[in-house]
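If you want the building blocks of each chain, they are given just below.
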Amino acid sequence: MALKIIASMCSGCSACEAECPNNAIREKGGTFIIDPAKCTECEGHFDAPQCIAVCPVDNCIKKV
Amino acid sequence: MSHTAFISIGDLRRGRPALGDAAPAGAGGCSSSGGAGKSSCGSSAGPEDMPAEIWDKVKNHPCYSEEAHHHFARMHVAVAPACNIQCHYCNRKYDCSNESRPGVVSQKLTPEQAVKKVLAVASAIPQMTVLGIAGPGDSLANPKKTFETMRLLQQHAPDIKLCLSTNGLALPDWVDEIVKYNVDHVTITINMVDPAVGEKIYPWIFHDHRRITGLEAARILHERQMLGLEMLTARGVLTKINSVLIPGVNDEHLIEVNRAVKARGAFLHNIMPLISEPEHGTFYGLTGQRGPTAQELKAVQDACAGGANLMRHCRQCRADAVGMLGEDRSDEFTLEKIEDLAVVYDLDKRRAYQQQVELQRQAQHQAKVDALAEAFDAGLADDGLKVLVAVASESQGLVNQHFGHATEFQIYEVGAGAATFVGHRRVDLYCQGGYGEDEQLPSIVQALADCHAVLVAKIGACPRDELKAAGIEPVDRYAHEFIEKAALAWFADYRERIASGAVVHQPRGDARIRQGAFTGTAAA
Ligand code: SF4
Ligand code: SF4
Ligand code: SF4
């Protein structure tokens, strides 16, 4: 029940950070990471994972 | 009382105000509100054709007043990296192309770092009057960072005007906040008013917690842009519309966009050429979508004349640009450098300096008006002939730059009785370190290929010959004259030479707009 950002693909645009309802996303060395303990795949908040919906890089965020 | 203060980033975090509780209203200078609302500090759109309160807002804004941009400076702070839409001309690895030049990545700042930077720049460059938040993403997709920066700045430097740039999607939600922070100007990038055109520019938007694609995405974006613009107009906030001219996609359509935004109260319309070099990695860059030529851009701008006022002096500045338009001093104010700076923000000193600048500008404007009156008196019959001339100018509206030192040329269209500014052409520096770089000349010739003459303060023998060979007349006999006067005098002479048979008038072709990152500084 968590998603993962592929660091090598992340452009560091920070769009996902602001949209996460669980504050699970933070910056780390220019790219962003998801805290698996906090990520709920947006269940109970939205129909779809917000980070994937707003990320401009296709396939940058994946299920683990 | 003194408005001097020393401020550190720590102070900003603790919320210590720099100026006590005395927060006087915006800087004065030119007395436009007095008397009959007239003032002698004109611009091409001066107080004669503009209500006094609007003139007051634009007179020292380098982006809103063509004349002000020779005197006042602006800066952008890159506090807003996130974006809520995708544009085909953007690769966010390299900043937003609607306000930033791709190819140069901005240094992202926190609001506290941004304000420290603004204060450092404002103390070093007293003619810096405007702070803009223009990305690198969308300022309103980063509302916390954007408005926190503005809040801090109002507290510490109340004389600096605030503006922001947005794609408009989130705009209707933030109009109250924009008004609350006294934002003077908002720039909205609007590339279409028909969703069928929009669909070719925007692959998706993120709205209402959903990613939306296709026609629906463009329709929502269009509706939100129009609503936001109307709301700003109703609240008295000045708006500038940026449009990216994409040949074959929205070129004709921009005339309709111009009409639509004017009807909704837009103050200024800035039509910019698409930047689509493949190395920027944008969708358009990779699919071979080309940018417009100089004449294509001019044709669309000319077709919009009579609609919303057009801005012709845009330089497509990067999201962390610092200084006068057309120069970039951001290297002097990197985070590392400003961390060590002791900032002295002296409001009184800044005011005094800006008043000085305003006086200078009034004097200069008057001198220009006088010079022009004389030139017009020469009285030529209008036979409809119009040609473009390029001008090398460093400052003050004068023909006062050496050809080899120019990183950009100002382009004027001259005909009987009128010399009108139509834009800038950026070129590679011809003369580096005092000697001519011969391989640069062809790129300059390409950029000026639609011009009949180049007016310069001085020019070397070699570039002179090459320009002549390309059919462009190098002219240095009007050195240090006002540009319009020089252009009209050259034109009168040119017509005489046509009449006497000394030259045969030949129409010129098209010119190339220089793409890619800006590397030059204003004064070489
Ligand atoms: S899926 Fe939702 S909860 Fe998980 S990181 Fe993305 S936005 Fe946050
Ligand atoms: S939205 Fe995507 S590219 Fe942007 S920071 Fe998040 S993971 Fe990286
Ligand atoms: S609005 Fe600006 S940052 Fe966002 S996708 Fe478009 S060009 Fe890029």
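Residues numbered from 1 in each chain as written. Chains lettered and ligands numbered in written order. Predicted model: local features only at pLDDT ≥ 70, side-chain atom pairs only at ≥ 80, totals over all residues. Heavy atoms only, no water.

Named according to an unreviewed UniProt entry, chain B is FeMo cofactor biosynthesis protein NifB originating from Rubrivivax gelatinosus. What UniProt states about chain B under its Cofactor (unreviewed entry) heading is, verbatim, "[4Fe-4S] cluster". According to UniProt, the comment filed for chain B under the heading Pathway (unreviewed entry) is "Cofactor biosynthesis; Fe-Mo cofactor biosynthesis." (UniProt positions renumbered as here; feature names shortened; annotations may be inferred.)

As annotated in an unreviewed UniProt entry, chain A carries the name Ferredoxin-like protein in nif region FdxN and is attributed to Rubrivivax gelatinosus. Listed under Cofactor (unreviewed entry) in UniProt, the entry text for chain A is "[4Fe-4S] cluster".

K.L.:
Looking at this model, I keep getting lost on the overall build of chain A. Mind explaining?
P.N.:
Scanning chain A from terminus to terminus reveals 2 helices and 4 strands. Across chain A, helices and strands are ordered from the amino to the carboxyl terminus as β-α-β-β-α-β. Computed over its C-alpha atoms, the radius of gyration of chain A comes to 10 Å, within 12% of the 11 Å expected for a compact globule of 64 residues. With the principal axes as the frame, chain A shows a C-alpha extent of 30 × 20 × 20 Å. Relative to its 64 residues, chain A shows a buried fraction of 41%. Restricting the contact set of chain A to residue pairs at least 6 apart, pairs at least 24 apart contribute 58%. Working note: accessible area of chain A is about 3500 Å², and carbon and sulfur atoms make up 51% of it. Side chains of chain A carry 6 positive and 8 negative charges; the gap between the two charge centres is 9 Å. (Helix = DSSP H or I, 4+ residues; strand = E, 2+ residues; numbered from the N terminus. Rg over C-alpha atoms; globule rule 2.2 N^0.38 Å. Buried < 20%, exposed > 50% of the residue type's maximum accessible area, 1.4 Å probe, protein only. Contact = heavy atoms within 4.5 Å. Areas by Shrake-Rupley, 256 points an atom, 1.4 Å probe, with all protein chains shown as cover. Lys, Arg positive; Asp, Glu negative; His and termini not counted. Charge placed at Lys NZ, Arg CZ, Asp CG, Glu CD.)

K.L.:
What is the right way to read the interface of chain B and chain A from this model?
P.N.:
Interfaces are often sized by the amount of accessible area the parts lose when they come together. With 13 residues of chain B in contact, the opposing surface of chain A contributes 15 residues. Of the roughly 1200 Å² buried at the junction of chain B and chain A (both faces included), carbon and sulfur atoms supply 50%. Of all residues in chain B, B:Phe206, B:His209 and B:Arg211 give up the largest surface area on contact with chain A, accounting jointly for 42% of the area buried on that side. Counting across the chain B and chain A interface gives 0 salt bridges. Joining chain B to chain A, the criterion identifies 6 residue pairs in polar contact (both at pLDDT 80 or more). Taken together, the residues of the side of chain B that touches chain A sort by class into 5 nonpolar, 3 polar and 5 charged. (Buried area = accessible area lost by both parts, 1.4 Å probe. Salt bridge = Lys/Arg side-chain N within 4 Å of Asp/Glu carboxyl O. Polar contact = N/O pair within 3.5 Å; in protein donor to acceptor, adjacent residues only side chain to side chain. Nonpolar A, V, L, I, M, F, W, Y, C, P; charged D, E, K, R; others polar.)

K.L.:
I tried to follow the sheet that holds strand β14 (residues 387–391) of chain B on my own but got confused; where do I start?
P.N.:
All names here are of chain B. Reading across the sheet, the 5 strands line up as β16-β15-β14-β19-β20 and stay open at both edges, with mixed pairing between neighbours. At either margin of the open sheet sits one strand with a lone partner, and together these are β16 (418–426) and β20 (473–475). Adjacent strand axes in the sheet meet at a mean angle of 25 degrees, parallel and antiparallel pairs treated alike. With 8 bridges connecting them, strand β15 (residues 408–415) and β16 associate as antiparallel partners. Across the sheet, Val414 pairs through a bridge with Ala419, a residue of β16. In the packing of helix α15 (residues 483–499) onto the sheet, contacts are made with β14, β15, β16, β19 (453–455) and β20, and the angle to β15 comes to roughly 55 degrees. (Pairing = 2+ DSSP bridges. Axes fitted to C-alpha atoms, helices over the stretch in contact; angles between N-to-C directions.)

K.L.:
Just to check I follow, could you spell out the packing of helix α3 (residues 111–124) of chain B against helix α4 (residues 143–156) of chain B for this structure?
P.N.:
Packed helices, taken two at a time, are described by their axes: the angle between them and the distance between them. Residues and elements named next belong to chain B. Put simply, α3 and α4 touch, their axes get as near as 9 Å, and they point 40 degrees apart. In terms of orientation, α3 lies oblique with respect to α4. Here α3 and α4 pass one another in a crossing that is right-handed. Contact residues: α3 offers Pro111, Glu112, Ala114, Val115, Val118 and Leu119, while α4 offers Lys145, Glu148, Thr149, Leu152, Leu153 and His156. Of the residues belonging to the contact of α3 with α4, the class tally is 7 nonpolar, 2 polar and 3 charged. (Parallel < 35°, antiparallel > 145°, perpendicular 65-115°, else oblique. Left-handed = near helix turned anticlockwise from the far one by under 90°.)

K.L.:
Quick question: what am I supposed to make of the site of ligand 2 here?
P.N.:
Near ligand 2 you find 13 residues, and of these A:Cys10, A:Cys13, A:Ser14, A:Cys16 and A:Cys55 are the closest. Partitioning the shell around ligand 2 into residue classes produces 10 nonpolar, 3 polar and no charged. (Near = heavy atom within 4 Å.)

K.L.:
Would you explain the pairing of strand β8 (residues 210–213) of chain B in this entry?
P.N.:
A regular strand places its side chains so that they alternate between the two faces of the sheet. Residue and element names in this part refer to chain B. Direction of pairing for strand β7 (residues 204–207) relative to β8: antiparallel, over a ladder of 4 bridges. The residue of β8 that forms the bridge with His207 is Arg210. Between β7 and β8, which follow one another and run antiparallel, lie 2 residues, and Asp208 among them has a positive phi close to 55 degrees.

K.L.:
Looking at this structure, I do not really get unusual backbone geometry. What am I missing?
P.N.:
Only a minority of non-glycine residues have a phi that is not negative, and only a minority of peptide bonds are not trans. Residues and elements named next belong to chain B. Positive phi, close to 55 degrees, is recorded for Asp208, a residue that is not glycine. One can find Asp208 in the loop between β7 and β8. Classification of Asp208 by relative accessible area gives exposed; the value is 59%. For His209, which is not glycine, the phi dihedral falls at a positive 65 degrees. Its location among the elements puts His209 in the loop between β7 and β8.

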